[in-house]
Amino acid sequence: MGVVVADEVRETEDNATSGPLPDDRGAGRFRILISICATFVAAVGVVAILGWALDLPVLASLGSGKIPVAPDTALMFVLYSGAILLRTYLPNSQVSYRAGLFLIAAGALIAAVLFVLSLLGIRLEAEHLGFTVVNKPGELQVGYMSPVTAFSFLLSSISYLLSLLSSSKRRQPANIAFWVACSVIVTGSTLVLAYLYGSPILYGTAFIPPAALTSMAFIALGTALLALSAPRARQSLQNLESTRRASYLFFMVFVVLALGIVIAGFMYFRNYESRHRTEIERQLSAIAELKGDELVHWRKERLMDAELFFKNPNFFGLVRNYMQRPDDTEVAARLGTWLQHVQSGHEYDRVFLLDASGRERMSASEAQPISRYLIQGAEEVLRTKKLTFADFYRNEYDGLVYLAILIPIFDERDRKPAVGTLVLRIDPEKYLYPFINRWPTPSKTAETLLVRREGDEALFLNELRFQKNAALNLRRPLAQNELPAAQAVLGRKGIMEGRDYRGVRVIADLRPVADSPWFLVSRMDISEVYGPMREILWMTIVLVLTLLIGAGAAFGMVWRQQLTQFYRMKCETTEALNESRERLGLLIEGVKDHAIIMLDPNGNVMSWNPGAERINGYSEEEIIGRNFSCFYPQEYIEQDKPVQELKEAVAKGRFEGEGWRVRKDGARFWADVVITALYDKDGLLRGFAKITRDVTERKRAEDRLNETLTDLQRSNKELEQFAYVASHDLQEPLRMVASYTQLLAERYENQLDDKAKKFIHYAVDGAVRMQLLINDLLVFSRIGTRGRPPEPVEAYAVLEEAKNNMKMNIDEAKAIITNDVLPEVRADASQLVQVFQNLIGNAVKFRGTDDPKIQISARDEGVEWLFSVNDNGIGMEQQYADKVFVIFQRLHTKEEYPGSGIGLAICKKIVERHGGRIWFESEPGKGTTFYFTIPK
């Protein structure tokens, strides 16, 4: 009783701390969540299959250009959702349990095979499930399961199967299932985020990427599996300590998810930024290449125009004649026509002719002052006789910028000096500057710069977008490393980022213009380059914040649900604890035959129930504060027995024993005592619970029983000795009577009539049967006293020995004996031989018209072996089930079937000695089966 009360108090306190175990199936708390998730997974699978069946791939994907859900993946989603729904709504059905187990195991096998095949690059047409799937070479392959998808299905199978193996006492499988389900959710979330941020995983690789719908379905599937495993996972224990751990766990999971979302958003933005920057650089390079090629082509065209006059003998003759005879109107008219034709046909600003001294002799338009730059250039051309492209220069008379082509006029057949110079002047404002400044796409800051080197400076040759009158006026030193124009002049090519002539950060393409002193700079402000990125940045920030808020709301809802469940269970536990304490108090108060006492660490009485008052005789006022040693006899106190009992209770947790105790009036009684040591949460001894029961009457009854058993054992020994002596003394005269009677029959056989012979036969038969009966009685009496202790024996070897002992009877009856595999048992081998021998003998004796067939079998029944001996004999009525095992009870006369009628009684006594049972099942004419058990 003391153990029960102490354990009840301890169990009640433990329940107040830990709370009841959660429901494994999650039917109450998570059924709706599981149903929603499983239904979504099934819907994804069904819709995808319909998309393939109706040749509408858009149903299996989230848009054109995205990979659709493969047919086998869709089917797997249907199977997995079906298994989860069966387990949720039919938790107690063996059929649904096995069906779910089969579906998940089959899915795991399929996923494992497809995972390996996907890694090896092997794709099976069977994955299409009979649907028509067309894959074009070089395009994304569809209709096959991705290795990521197969691996996620494997994780889902592991989580489902581990949650099946869990129980209220085996939480480790549920814990593993919980984290595996989390990994499925993380995998699906990563894939979905990759789609949301425009960077799907595995696109453009050798592996098949998972579909967007597949990724979303895995989030739902993982959530359902998480809800299945959560009730028995360690994280769901509803106590304060685990609640704190769970809060940390939820917080860490949320932090990890939030970090994943932020990092994914950052990576997406950086990836978009890099791609946008690359696109801008590509555009700048394309525009610069286009303009550079156009400038080269424009220069070549101008030089080709000059080639018409350079070393042209006809034109030389015409110019020479004009120089020699300026008054010849016909020559002047012909030369003027040439010049006008060139100016109007090729859009030159001016075309005029200089003589050897640098004077203007003829012009296709109104005469204007000639720049000293051109006069100096003409002198150089006359000296070198080389065609020259005069670079950008500023005319000192009108202040405008021009270019010119200087063509020496001479006859290469003679060595005479050139007679003059033809000048083709170009106004860059008409074509060149507009072409350079023109940008093919709308832009607020983009422009093209044309520069050349002059000493240690870069000279800007064209008018600029953001600075007026810059042509041939704006110069920048080459020492400015961040200036794209300076870097271009120094020979740098390609894309660079720096600061332009305004000091504004720009990105520029640098390249030289072939066959010229020019360098082309195509540039755009960084602010404009990254202008569109601000919109993308804000969109990314909004999306990340939305996902964070959504994730936080989801975690908050789950955590709120957990807290609600915790406090509800805590309230229920508190109520149960109070009720339990109330019941315990009523129980203690109501116990009248047990003295329940609470002691302090020194053994002084602290509390006292009515049962203690009735047994010990003290009232509560009299005993509180006194030491419990007052209940012990003086000799026990002198032996220090009370202190020893308390020490044993401290050392072993509790003390159990019996002994004499003393009531208030001095009367002694025999008591059963239990003392339990009580500790606080810090392990300090708080006191003892002592429960005493008056068992004086039981003690007296035990003493009387022991006296009776002693007398009975003595009587049994005397009876055994008497039976041995009696059987030995009786057998000797019986043998003498049988021997002399047989001798009388042999010697006087011819002198005796038939009646005398019959009398002699009766006398001999009676003596033999009496001898057999005495031997069987002796065997029966020695079963319990002469048997050996049980030891391991092979039942098959025992059976073989019994068959050898009965070989003559078996052969005579032509009996067929068969047996199954027989076990090793703990038994007395000689007595077990006797059991088999008696049962086989019965089967042979009580045989029918057919040859006897006997089958011996054994079956493991857990705690014992069940043996059976079946025959095809005459059988018997079931109503004789008890009679056949009684000594000397017979169902047939000795004339019909000989025997002493003690064989089955011997079998019963041997089996019961081994702790087993024996019985039979039979019908008349249909044989009999005897059963007996041998404990393991």
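Every chain is numbered independently, its residues counted from 1 as its sequence is written. Per-residue local features are limited, in this predicted model, to residues with pLDDT of at least 70; the limit for side-chain atom pairs, both in listing and counting, is 80 or more; totals at the level of whole chains, interfaces and linings are taken over all residues. Excluded from the side-chain calculation are hydrogens and water; included are all heavy atoms of the structure.

Caption draft 1: Structural view of the pairing of strand β10 (residues 505-512). Alignment of strand β9 (residues 494-499) against β10, held across six bridges, turns out to be antiparallel. By the bridge assignment, Gly494 is partnered in β10 with Leu510. Turn length for the β9-β10 hairpin, with the two strands adjacent in sequence and antiparallel, is five residues, and the turn residue Gly503 shows positive phi of about 85°. Paired strands are those between which DSSP finds at least two bridges. Put simply, DSSP marks the helices as runs of H or I at least four residues long and the strands as runs of E at least two long, and each gets a number from the N terminus on. Bridge count for β10 against strand β11 (residues 519-525) is seven bridges, and the pairing is antiparallel. Looking across to β11, one finds that Asp509 is bridged to Ser522. Counted along the chain from β10 to the antiparallel partner β11, the turn is six residues long, and its residue Asp515 has a positive phi close to 60°.

Caption draft 2: How the structure looks around the sheet that holds strand β1 (residues 350-355). The five strands are arranged β2-β1-β5-β4-β3 in an open sheet whose pairing can be described as antiparallel. Two strands lie at the open edges of the sheet, namely β2 (360-363) and β3 (388-394), each paired on one side alone. With direction set aside, neighbouring strand axes in the sheet form an average angle of 25°. The strands that helix α10 (residues 329-345) touches are β1, β2 and β5 (420-426); relative to β1, the one it contacts most, it runs at about 140°. By definition, residues are in contact when any of their heavy atoms lie within 4.5 Å. Axis lines are fitted through C-alpha atoms, for helices just across the contact stretch, and the angle between N-to-C directions can take any value from 0 to 180 degrees. Across the sheet, helix α11 (residues 372-384) lies against β1, β3, β4 (401-409) and β5, angled at about 25° from β4, the strand it touches most.

Caption draft 3: Inspection of helix α3 (residues 71-89) at higher detail. An ideal rise of 1.5 Å per residue puts 27 Å on 19 residues; α3 measures up with 27 Å between its terminal C-alpha atoms. Only protein chains enter the accessibility calculation, which uses a 1.4 Å probe; a residue whose area is less than 20% of its type maximum is buried, one above 50% is exposed, and one in between is partly exposed. Buried within α3 are the following residues: Pro71, Asp72, Thr73, Ala74, Met76, Phe77, Tyr80, Ser81, Ala83, Ile84, Arg87 and Thr88. Multiplying 1.5 Å by the helix residue count minus one yields the expected span of that helix.

Caption draft 4: Region of interest: unusual backbone geometry. Of note in the backbone geometry, Lys311 takes a positive phi value of approximately 60° without being a glycine. Examined against the element boundaries, Lys311 turns out to sit in the loop between α8 (240-307) and α9 (313-324). Under the relative-accessibility criterion, Lys311 is labelled partly exposed at 37%. Located in the positive-phi region is Lys385, a residue other than glycine, with phi close to 55°. Of note, Lys385 is situated in the loop between α11 and β3.

Caption draft 5: The arrangement of the packing of aromatic side chains in detail. Between 30 and 60 degrees the pair is tilted, below 30 it is stacked and above 60 it is edge-to-face, where a pair is any two Phe, Tyr or Trp rings, Trp via its six-membered ring, whose centres lie within 6.5 Å. Under the counting rule described, the total for this entry stands at 26 aromatic pairs. Seen in terms of ring centroids, Phe77 and Phe218 are 5.2 Å apart; in terms of plane orientation they differ by 65°. Their pairing is edge-to-face. With Phe77 in helix α3 and Phe218 in helix α7 (residues 212-229), this residue pair connects regions lying 141 residues apart in the sequence. Like Phe77, the residue Phe218 is buried in the burial classification. Seen in terms of ring centroids, Phe115 and Phe151 are 5.8 Å apart; in terms of plane orientation they differ by 40°. Their pairing is tilted. A residue pair is termed long-range when its members are at least 10 positions apart, and Phe115 in helix α4 (residues 94-120) and Phe151 in helix α5 (residues 147-165) qualify at 36 residues. Pairwise contacts between aromatic rings join Phe77, Tyr80, Phe153 and Phe218 into one cluster.

Caption draft 6: The arrangement of the nonpolar core in detail. Ranked by size, the top nonpolar core spans 51 residues in total, and within it Ile84, Phe153 and Tyr160 carry the most contacts. When contributions to this core are tallied by element, the ones reaching two or more residues are α2 (31-53), α3, α4, α5, α6 (172-196) and α7. No other element matches α7, which puts 11 residues into this core. Put simply, buried Ala, Val, Leu, Ile, Met, Phe, Trp, Tyr and Cys residues joined by side-chain atoms within 4.5 Å make one nonpolar core. Ranked by size, the runner-up nonpolar core spans 47 residues in total, among them Met362, Ala364, Ala418 and Ile436.

Caption draft 7: Looking closely at the side chain of Thr696. Within the element layout of this structure, Thr696 appears in helix α20 (residues 696-747). Reaching out from Thr696, the side chain makes a polar contact with the side chain of Asp694 at a distance of 2.6 Å. Not counting residues within four places of it along the chain, the set of residues in contact with Thr696 comprises Phe669 and Trp670. Polar contacts, as counted here, are pairs of nitrogen or oxygen atoms within 3.5 Å of one another; within protein the pair requires one atom able to donate a hydrogen and one able to accept it, and residues that are adjacent in sequence qualify only if both atoms are side-chain atoms.

Caption draft 8: Examining the sheet that holds β11 more closely. One open sheet holds the six strands; their spatial order is β8-β7-β6-β11-β10-β9, and the pairing between them is antiparallel. Two strands bound the open sheet, and with one partner strand each, they are β8 (475-477) and β9. Strand-to-strand, the axes of this sheet are offset by a mean angle of 35°, without reference to chain direction.

Caption draft 9: Representation of a nonpolar patch on the surface within the structure. Note that patches include only residues with greater than 30% relative accessible area and no salt bridge, and the join distances are 9 Å for like charges and 5 Å for nonpolar side chains (Val, Leu, Ile, Met, Phe, Trp, Tyr). Each accessible area value is a Shrake-Rupley result obtained with a 1.4 Å probe; residue values ignore everything except the protein chains displayed when judging cover. The salt bridge definition used is simple: a Lys or Arg side-chain nitrogen within 4 Å of an Asp or Glu carboxyl oxygen. A surface patch of nonpolar side chains, about 570 Å² in accessible area, is lined by Val46, Val47, Leu50, Leu54, Leu56, Val58 and Leu59. Looking at where Val58 falls in the secondary structure, it is placed in the loop between α2 and α3. Looking at Val58, the relative accessible area reads 54%, which means it is exposed.

Caption draft 10: Region of interest: the confidence of the model for the protein chain. Counting all residues, the mean pLDDT for the protein chain is 81, and 82% of those residues have values of 70 or more. Each residue carries a pLDDT score, the predictor's confidence in it, ranging from 0 to 100. Confidence, expressed as mean pLDDT per element, reaches its minimum in the protein chain at helix α1 (residues 2-18) with 37 and its maximum at β10 with 95. Across residues 1-28 the pLDDT falls below 50, and counting only partners more than four positions away or on other chains, this stretch makes 53 contacts in the model. Contacts from residues 235-241, a stretch scored under 50 in pLDDT, to residues over four places away or in other chains number 23 contacts.

Caption draft 11: Quick peek at the pattern of salt bridges. Under the defined criterion, the tally for this structure stands at 45 salt bridges. A salt bridge links Glu482 to Arg499; the nearest nitrogen and oxygen atoms lie 3.6 Å apart. Of the two residues, Glu482 sits in the loop between β8 and α13 (484-489) while Arg499 sits in strand β9, which places them 17 residues apart along the sequence. Taking the shortest distance from any N to any O, the salt bridge between Arg654 and Glu656 comes out at 3.1 Å.

Caption draft 12: Structural detail: the packing of helix α22 (residues 795-805) against helix α24 (residues 829-845). Between α22 and α24, whose axes approach to 8 Å, the crossing angle comes to 55°. In terms of orientation, α22 lies oblique with respect to α24. In this structure, the crossing between α22 and α24 has a hand that is right-handed. Every residue of α24 that contacts α22 at Ala795, Val798, Leu799, Glu801, Ala802, Lys803 and Asn805 is listed here: Ala829, Leu832, Val833, Phe836, Gln837 and Ile840. Considered class by class, the residues forming the contact of α22 with α24 number nine nonpolar, two polar and two charged. Angular relationships are summarised with four words: roughly parallel below 35 degrees, roughly antiparallel beyond 145, roughly perpendicular across 65 to 115, and oblique for the angles in between. Here is the rule for handedness: rotate from the far helix to the near one, and if that takes an anticlockwise turn smaller than a right angle the crossing is left-handed, while a clockwise turn gives right-handed. Residue type decides the class: Asp, Glu, Lys and Arg count as charged, Ala, Val, Leu, Ile, Met, Phe, Trp, Tyr, Cys and Pro as nonpolar, and the leftover types, Gly among them, as polar.

Caption draft 13: Structural detail: the environment of Met598. Along the polypeptide, Met598 turns up in strand β12 (residues 594-599). The exposure class of Met598 is partly exposed, given its relative accessible area of 29%. It is 9.7 Å that separates the C-alpha atoms of Met598 and Thr676, two residues lying 78 residues apart in sequence. Among all residues touching Met598, those that are not within four sequence positions of it are Asn604, Val605, Met606, Ser607, Leu678, Phe688 and Ala689.

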